[in-house]
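Each chain is listed here by its residues.
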Amino acid sequence: MTRIPKINVGLFGLGTVGGSVFQILKDHEHFIAEKIGYPIQITKICELDPKKKQQYELASSILTNKISDILDDPEISIVVELIGDKPIAKEIMLKALSLGKHVVTANKAILAHHGLELYSEAFKHEVDIYFEAAVAGSIPILRTLREGFVSDKIISVQGIINGTSNYILTKMAKEKADFKVALADAQKNGYAEADPTSDIEGIDAACKLSILATMAYGVFIPYDKIYRQGISEITPFDIEMAQKFGFSLKLLAISRKTNQEIDVRVHPTMIPATHLLAHVYGVLNAVMIEGEYMGPSVMMGKGAGGKPTATAVASDIIEIARNISRQVRGIPPLGFKAENIQKAKIKPIEEIESEYYLRFTAVDKPGVFAKIAHVLGHHEISIASVHQEGREEGHEVPIMVLTHRAKEKNVICALKEIDKLPTVAQKTLLIRIERS
Ligand SMILES: NC(=O)c1ccc[n+]([C@@H]2O[C@H](COP(=O)([O-])OP(=O)(O)OC[C@H]3O[C@@H](n4cnc5c(N)ncnc54)[C@H](OP(=O)(O)O)[C@@H]3O)[C@@H](O)[C@H]2O)c1
């Protein structure tokens, strides 16, 4: 007779995601048991807010506020950490791994900063740590990288992986709303936090890119090595100009492997209107992976929210449960042998080459643009096109320049000089252009 395994799960954090994980495992209990052949049960929940007991109709024996009630329970084989970016979350995961428990987390911030420590601990104790929910919510992009694309060498990963900023940019594009108005609307609709810094300054996207790029190239890429520029300086006018030039403006997370170096960055980016990511609107996320043999492949879906994110957490729990029941070690969570994890050689942003959109703000009088063009030429930046919107002699006007491919370090030097010209009234806005 086949032994029916008992898969007991301990959950930390019954918030937006934790609550939905509890709910999906309860609502789909029989469906999942039929699918995999045995039930999965959350037997303990550690949560600080006592009101959650009533909200989720929990038995007193399930809810605790003591970490040790889960970690010291020998019947619990899977620990799910959904507390958020707090030092205690990392401590809980390290302790669980050291006790031989498998870990599931959605904690992109901790993985992006301390992933190496956690992956090494999991490897050392021969247990798994899975984190599908940390990137792009309901899109199974990490599983796809780990399994579906395992045979191919990944050349690039690009994505719209922050729904809040994509919602804001979409609103700015469709309604010509100012950044602040679009942000307030995102907050009103629950798509942005009261403190939106992490989303609008590209911090959240950089954490996710750290995880994606680590899995794509098999080297650890910590958060602090990722170049970042947010969307708060973008105006509806820039989005309109982008459209005029045939582009769509997105906060893009980009990583590319060239020789031994990896280029990783998050910044507002103009992409051709025909680009596979150009028509990803609102809170949707999309990730485009390009492999040497497979070419480009795109996955799109809801990137956040309790329910979509919970599906990813629950799938990780089920994957571990299947491994436990078959008494096998899982596929390495990063998709490559954990003992081979090395730190990556990152290409500094100054070393990249790109086309650029530059918005100068200068006093409208004869000879002003000639001076700007002279500085650009002096730094080997060749102009592809120039556009001036409106004419008002003696007043400040925006002058938009698209450049041919240029070295970023030359562009930085040129802008430093240009911004010091007496006729240049504001810091120049730089937006990179990516064509593929
Ligand atoms: N929300 C999303 O759409 C989303 C999407 C992808 C990934 N994630 C990630 O998922 C994780 C959870 O996010 P969330 O949105 O669910 O956060 P959340 O709503 O703030 O939930 C966190 C929960 O953990 C509880 N908690 C805090 N400290 C605790 C401790 N020491 N022990 C036990 N419970 C504790 C909190 O209780 P109190 O409220 O009483 O402090 C709260 O109920 C984060 O790492 C986040 O980055 C979230």
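Residues numbered from 1 in each chain as written. Predicted model: local features only at pLDDT ≥ 70, side-chain atom pairs only at ≥ 80, totals over all residues. Heavy atoms only, no water.

**Examining the overall build of the protein chain**
Within the protein chain, the secondary structure is distributed over 15 helices and 17 strands. For the protein chain, whose C-alpha radius of gyration is 24 Å, the value lies close to the compact-globule estimate of 22 Å for 436 residues. Taking all 436 residues of the protein chain together, the buried fraction comes to 55%. A sequence separation of at least 24 residues applies to 73% of the contacts in the protein chain between residues at least 6 apart. For the protein chain, the separation between the mean place of its 52 positive charges and that of its 53 negative charges on side chains is 2 Å. (Helix = DSSP H or I, 4+ residues; strand = E, 2+ residues; numbered from the N terminus. Rg over C-alpha atoms; globule rule 2.2 N^0.38 Å. Buried < 20%, exposed > 50% of the residue type's maximum accessible area, 1.4 Å probe, protein only. Contact = heavy atoms within 4.5 Å. Lys, Arg positive; Asp, Glu negative; His and termini not counted. Charge placed at Lys NZ, Arg CZ, Asp CG, Glu CD.)

**Brief notes about helix α9 (residues 179-188)**
What α9 keeps buried is the set F179, A182, L183, D185 and A186. When α9 is viewed along its axis, its buried side chains cluster within an angular range of 160° and face the same direction. Exposed side chains of α9 directed beyond 90 degrees from the buried face belong to K180 and K188. Backbone geometry just downstream of α9 places G190 in the positive-phi region, at approximately 80°. (Arc of directions from axis to C-beta.)

**Thoughts on helix α5 (residues 87-98)**
Side chains of residues three or four places apart in an α-helix project in the same direction, reflecting 3.6 residues per turn. Counted at 1.5 Å a residue, the expected span for α5 with its twelve residues is 16 Å, and the 17 Å between its end C-alpha atoms agrees. Among all positions of α5, only A89, K90, I92, M93, L94, A96 and L97 are buried. The secondary structure elements touched by the buried residues of α5 are β1 (7-12), α4 (67-71), β4 (76-81), β5 (102-105), α6 (108-124) and β6 (129-130). (Expected span 1.5 Å × (residues − 1).)

**Examining the side chain of E319**
One can find E319 in helix α13 (residues 306-325). E319 sits in the buried class, given a relative accessible area of 12%. If we skip the residues at most four places from it in the chain, E319 touches Y130, R143, R146 and E147.

**Notes on the sheet that holds strand β2 (residues 40-46)**
Pairing is parallel across the open sheet formed by six strands, whose spatial order is β3-β2-β1-β4-β5-β6. The open sheet is flanked by β3 (63-64) and β6, the only strands paired with a single partner. For β5 and β6, the ladder comprises two bridges, and the chain directions are parallel. Bridging from a neighbouring strand, V104 pairs with Y130 of β6. (Pairing = 2+ DSSP bridges.)

**Digging into the site of the ligand**
If you check the shell around the ligand, you find 22 residues, and the closest are T16, V17, E47, K52 and G305. G15 places a polar main-chain atom, nitrogen or oxygen, 3.4 Å from an oxygen atom of the ligand. V17 places a polar main-chain atom, nitrogen or oxygen, 2.8 Å from an oxygen atom of the ligand. Against a free-state accessible area of 880 Å², the protein chains account for coverage of 75% of the ligand. Of the residues in the shell around the ligand, the class split is ten nonpolar, seven polar and five charged. (Near = heavy atom within 4 Å. Polar contact = N/O pair within 3.5 Å; in protein donor to acceptor, adjacent residues only side chain to side chain. Areas by Shrake-Rupley, 256 points an atom, 1.4 Å probe, with all protein chains shown as cover. Nonpolar A, V, L, I, M, F, W, Y, C, P; charged D, E, K, R; others polar.)

**Some details on the nonpolar core**
If you look at the biggest cluster of nonpolar residues, it comprises 86 residues, and the most contacted ones within it are I129, F131 and I221. A per-element tally of this core places helix α11 (residues 203-217) first, with ten residues. In contact with I129, other than residues within four places in its own chain, are M93, L97, V103, T105, L111, L118, Y119, A122 and P333. Core analysis: the second largest hydrophobic core is formed by 34 residues, L14, F22, V80 and L82 among them. (Core = buried A, V, L, I, M, F, W, Y, C linked by side-chain atoms within 4.5 Å.)

**Brief notes about the pairing of strand β10 (residues 261-272)**
Summarising burial for β10: eleven of the twelve residues are buried, a large majority. Two strands pair when backbone bridges link them, and strand β9 (residues 247-258) and β10 are joined in this way by twelve bridges, in the antiparallel orientation. Across the sheet, residue R256 finds its bridge partner in β10, namely D263. The turn joining β9 and β10, which pair antiparallel and follow one another in sequence, is formed by two residues; a positive phi near 50° is taken by N259. Of the strand pairs in this sheet, β10 and strand β17 (residues 424-433) are connected by two bridges, and their pairing is parallel. Within the sheet, the bridge partner assigned to M270 lies in β17 and is I433.

**Topic: the domain arrangement of the protein chain**
As far as domains go, the protein chain holds domain 1 (7-137 + 306-340), domain 2 (141-302) and domain 3 (352-433). Centre-to-centre, using C-alpha coordinates, domain 1 lies 51 Å away from domain 3. (Domains from an automatic or database assignment.)

**Structural notes on the pattern of salt bridges**
Under the definition given, this model contains 22 salt bridges. The closest approach of N and O atoms between E261 and K345, which form a salt bridge, is 4.0 Å. With E261 in strand β10 and K345 in the loop between α13 and β13 (353-363), this residue pair connects regions lying 84 residues apart in the sequence. Note on E261: relative accessible area 24%, which makes it partly exposed. With relative accessibility at 55%, the residue K345 sits in the exposed group. Three or more residues are tied together by salt bridges with common partners; here these are E132, R143, R146, D316 and E319. (Salt bridge = Lys/Arg side-chain N within 4 Å of Asp/Glu carboxyl O.)

**Section: unusual backbone geometry**
For A136, which is not glycine, the phi torsion reads 60° and is therefore positive. Secondary-structure assignment places A136 in the loop between β6 and α7 (141-148). Note on A136: relative accessible area 0%, which makes it buried. Backbone geometry places Q327, a non-glycine residue, at a positive phi of 55°.

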